[in-house]
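# Analysis of the macromolecular model
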Amino acid sequence: MENDRKTLVLTGASRGIGHATVKRFSSAGWRVIACSRHAFPEDCPWQAGPEDHVQVDLGDPEDRVRGIEEIRRRLNGGPLHALVNNAGISPKGEGGSRLNTLNTPEEDWRKVFEVNFFAPVVLARGLFEELKQVQGSIVNVTSIAGGRVHPFAGSAYATSKAALASLTREMAADLGPYGIRVNAIAPGEIDTAILSPGTDKIVAEIPMRRLGKPEEVARTIYYLCTDQSAYVTGSEIHINGGQHV
């Protein structure tokens, strides 16, 4: 039974959408190797956590290489059925203000792209052989901010997510011949701890008149990692209650 168990590598697993994704896949019997820049919390009730937690700073190119080697060591030559690139950062200005193209420090632009854009590229390349073994699936988490100017998401974050959406299509074209599918999800306003003050005004304009739930996003990620979406690749699914229409 253990040999038949599917494995997911998930970045940004410690909260919000990532945490809901851990629960969704774990409930379906998957092994989840969670990656985070934080150490595994001692008070976390997840039994498999310490053994399947990889502490890695995705914004540090050298530490990314080390992290990939650690993930491969944990896989021990076995296959990887899914890679979900969920980690993302969005720096704020003084008092939580939005950083735009005029006032975002160059250092912040580089850090954002290292985590939000380059990490998915490097992880996919580093785990390519393990994904190829079982014709696995990759899901990149983009954002509604990648397709329109958002009142809270900063310019560096938004452009990195737009680039990730384009990367998804490129990866789908490159990896498709090996049977590896690559898709993206673009969440809108999801009810997590990182919501900005004033989100209630956006909700009033969303056709469904409510925030999304992290578990709703997790279910869509799960769909894209299973045979239910066997002929879906190069797509970006909007999860925003109609906010983009």
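As recorded in an unreviewed UniProt entry, the protein goes by the name SDR family oxidoreductase, listed as coming from Govanella unica.

A complete count under the given rule lists six aromatic pairs for this structure. Ring geometry for F117 and F118: centres 5.2 Å apart, planes at 80°, overall edge-to-face.

With that settled, consider the packing of helix α2 (residues 61–75) against helix α3 (residues 106–126). Contact geometry of α2 with α3 gives a least axis separation of 10 Å together with a crossing angle of 40°. Overall, the two elements α2 and α3 adopt an arrangement that is oblique. Two packed elements cross with a definite hand, and for α2 against α3 that hand is right-handed. The residues of α3 that touch α2, namely those facing P61, R64, I68, I71 and R72, are E114, F118, A119, V122, L123 and G126. A per-class count over the contact of α2 with α3 returns seven nonpolar, one polar and three charged.

Counted under the stated rule, the structure contains 10 salt bridges. The residue E114 makes a salt bridge to R64 at a minimum N-O spacing of 2.8 Å. With E114 in helix α3 and R64 in helix α2, this residue pair connects regions lying 50 residues apart in the sequence. With a closest N to O distance of 2.8 Å, R210 and E216 form a salt bridge. Shared partners join several salt bridges into a network, and the residues in it are E70, R73 and R74.

Helical periodicity: at 3.6 residues per turn, an α-helix aligns residues three or four positions apart in one direction. The end-to-end C-alpha separation of α3 is 28 Å, in line with the 30 Å expected for 21 residues at 1.5 Å each. The largest bend in α3 comes to about 45°, at F118, with the proline P120 one to four residues further on. Regarding α3, the residues found buried are V112, V115, N116, F117, A119, P120, V121, L123 and A124. Those residues of α3 hidden inside the fold are in contact with β1 (7–11), α2, β4 (82–85), α4 (128–133), β5 (137–141) and α5 (155–175).

Direction vectors running N to C along α3 and α5 enclose 15°, while the axes themselves pass 8 Å from each other. When the axes of α3 and α5 are compared, the pair comes out roughly parallel. The way α3 lies across α5 gives a crossing that is right-handed. Residue-level contacts link W109, V112, F113, N116, F117, P120, V121 and A124 of α3 to S155, A156, Y157, T159, S160, K161, A163, L164, L167 and M171 of α5. Considering only residue class, the contact of α3 with α5 consists of 13 nonpolar, four polar and one charged.

This paragraph deals with helix α7 (residues 214–224). Listed as buried for α7 are P214, V217, A218, T220, I221, Y222 and L224. Residues of α7 that are buried sit in contact with α1 (16–27), β4, β5, β6 (181–187) and β7 (236–239).

Turning to the nonpolar core, a few remarks are in order. One finds V9, I71, L83 and I138 to be the most contacted residues of the largest nonpolar core, which totals 29 residues. Of all the secondary structure elements, the ones that give two or more residues to this core are β2 (31–36), α2, α3, α4 and α5. Counting residues per element, this core draws most heavily on α3, at six residues. Contacts of I138, omitting those with residues within four sequence positions, involve L83, N85, A124, L131, M171, L175, I180, R181, V182 and N183.

It is worth spelling out the environment of R5 at this point. Within the secondary structure, R5 is located in the segment before β1. Judged by relative accessible area, R5 falls into the partly exposed class, the value being 33%. For R5 and V32, which are 27 residues apart along the polypeptide, the C-alpha to C-alpha distance reads 10 Å. Apart from the residues within four sequence positions on either side, R5 is in contact with G29, W30, R31 and H81. Reaching out from R5, the side chain makes a polar contact with the backbone oxygen of G29 at a distance of 3.1 Å. A polar contact of 3.3 Å, which involves the side chain of R5, links it to the backbone oxygen of W30.

Attention shifts here to the sheet that holds β4. Spatial ordering of the open sheet is given by β3-β2-β1-β4-β5-β6-β7, a layout of seven strands whose pairing is parallel. On the outer flanks of this sheet lie β3 (53–55) and β7, each paired with one strand and no other. Shown here is a sheet whose adjacent strand axes are inclined to one another by a mean of 15°, direction ignored. In terms of strand pairing, β2 meets β3 through three bridges, oriented parallel. What sits directly across from A34, in β3, is H53. Here α5 sits on the sheet and contacts β5, β6 and β7; the angle it forms with β5, its principal contact strand, is near 170°. Across the sheet, α7 lies against β4, β5, β6 and β7, angled at about 170° from β6, the strand it touches most.

Conventions adopted
- Residues numbered from 1 in each chain as written.
- Predicted model: local features only at pLDDT ≥ 70, side-chain atom pairs only at ≥ 80, totals over all residues.
- Heavy atoms only, no water.
- Phe/Tyr/Trp six-rings, centres within 6.5 Å; stacked < 30°, edge-to-face > 60°.
- Axes fitted to C-alpha atoms, helices over the stretch in contact; angles between N-to-C directions.
- Helix = DSSP H or I, 4+ residues; strand = E, 2+ residues; numbered from the N terminus.
- Parallel < 35°, antiparallel > 145°, perpendicular 65-115°, else oblique.
- Left-handed = near helix turned anticlockwise from the far one by under 90°.
- Contact = heavy atoms within 4.5 Å.
- Nonpolar A, V, L, I, M, F, W, Y, C, P; charged D, E, K, R; others polar.
- Salt bridge = Lys/Arg side-chain N within 4 Å of Asp/Glu carboxyl O.
- Expected span 1.5 Å × (residues − 1).
- Bend = angle between axes of the 7 residues up to and from the residue.
- Buried < 20%, exposed > 50% of the residue type's maximum accessible area, 1.4 Å probe, protein only.
- Core = buried A, V, L, I, M, F, W, Y, C linked by side-chain atoms within 4.5 Å.
- Polar contact = N/O pair within 3.5 Å; in protein donor to acceptor, adjacent residues only side chain to side chain.
- Pairing = 2+ DSSP bridges.

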